Every structure is written in C-alpha cells, then in structure tokens.
Amino acid sequence: MTFPPPKTESPAQRFEEATAAARDALERLIAAANEAGWGTEEVTAALLKAAQFLSDANKRDPDPADDPSISDLPAREQIGHGELYD
C-alpha cells in the first residue's frame, strides 16, 4: 500500500490531504478485510483501537529510531538455567 506525498506546506491543506489519503487507504483495507471474512464494524473498531495505541506510543516516544539498539544496552548476567535474571 502506498501513501501519496503531501502537495503543499500549508498545515490546514496538509491535514485535508492526509485525511483524504488515509480515508482511501482505510477503505481499501476494510474492503480487503471484508473479503477475508471480517465485518466492517469489527474492523473499524479494531482500526480505531490500533490508531489510538499508535498515537499514544508516538506521544510517549516521538522518534523511536533515536533509541539505542538492544545490542547497545549493557548485558545482564544470567543466573541458573535462564529462569531468573538480575
């Protein structure tokens, strides 16, 4: 699925463009979900919940790409057979 680039720099126009593009993408996604056997109401409810989750995650960490990779974090020593960690 592709999402078109913005055509303007005006915040109000960008919002309208993004809304129209998102609506088109969601209509295609819902149609595909319907073909797979999902009901429109259950898919739209799931999309709303997923969008809220992503919005909340973005508010907590707006740029996760800047986070250190897991390999950059100090290792914890393992105790026993892997069931307990420091």
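This one's a predicted model, so the numbers in the text were calculated from it and none came from an experiment.

1. Considering the confidence of the model for the chain
On average, residues of the chain score 86 in pLDDT, and 77% of them reach the 70 mark or higher. Mean pLDDT values for the elements of the chain range from 58 in strand β1 (residues 78-79) up to 97 in helix α1 (residues 11-35).

2. Topic: the pattern of salt bridges
By the definition in use, this model includes one salt bridge. A salt bridge links Glu9 to Arg14, with the shortest nitrogen-to-oxygen separation between them at 3.9 Å.

3. As for the environment of Thr8
Structurally, the position occupied by Thr8 is in the segment before α1. In this structure, Thr8 is in contact with Gln13, Arg14 and Glu17, ignoring residues within four places of it in sequence. Within the structure, the side chain of Thr8 is placed 3.2 Å from the backbone nitrogen of Ser10, a separation counted as a polar contact.

4. A closer look at the environment of Pro4
By secondary structure assignment, the location of Pro4 is in the segment before α1. With relative accessibility at 48%, the residue Pro4 sits in the partly exposed group. Between the C-alpha atom of Pro4 and that of Ala21, which follows or precedes it by 17 residues, the distance is 7.1 Å.

Here is what the cut-offs are and how they apply
- Residues numbered from 1 in each chain as written.
- Predicted model: local features only at pLDDT ≥ 70, side-chain atom pairs only at ≥ 80, totals over all residues.
- Heavy atoms only, no water.
- pLDDT = per-residue confidence, 0-100.
- Helix = DSSP H or I, 4+ residues; strand = E, 2+ residues; numbered from the N terminus.
- Salt bridge = Lys/Arg side-chain N within 4 Å of Asp/Glu carboxyl O.
- Contact = heavy atoms within 4.5 Å.
- Polar contact = N/O pair within 3.5 Å; in protein donor to acceptor, adjacent residues only side chain to side chain.
- Buried < 20%, exposed > 50% of the residue type's maximum accessible area, 1.4 Å probe, protein only.

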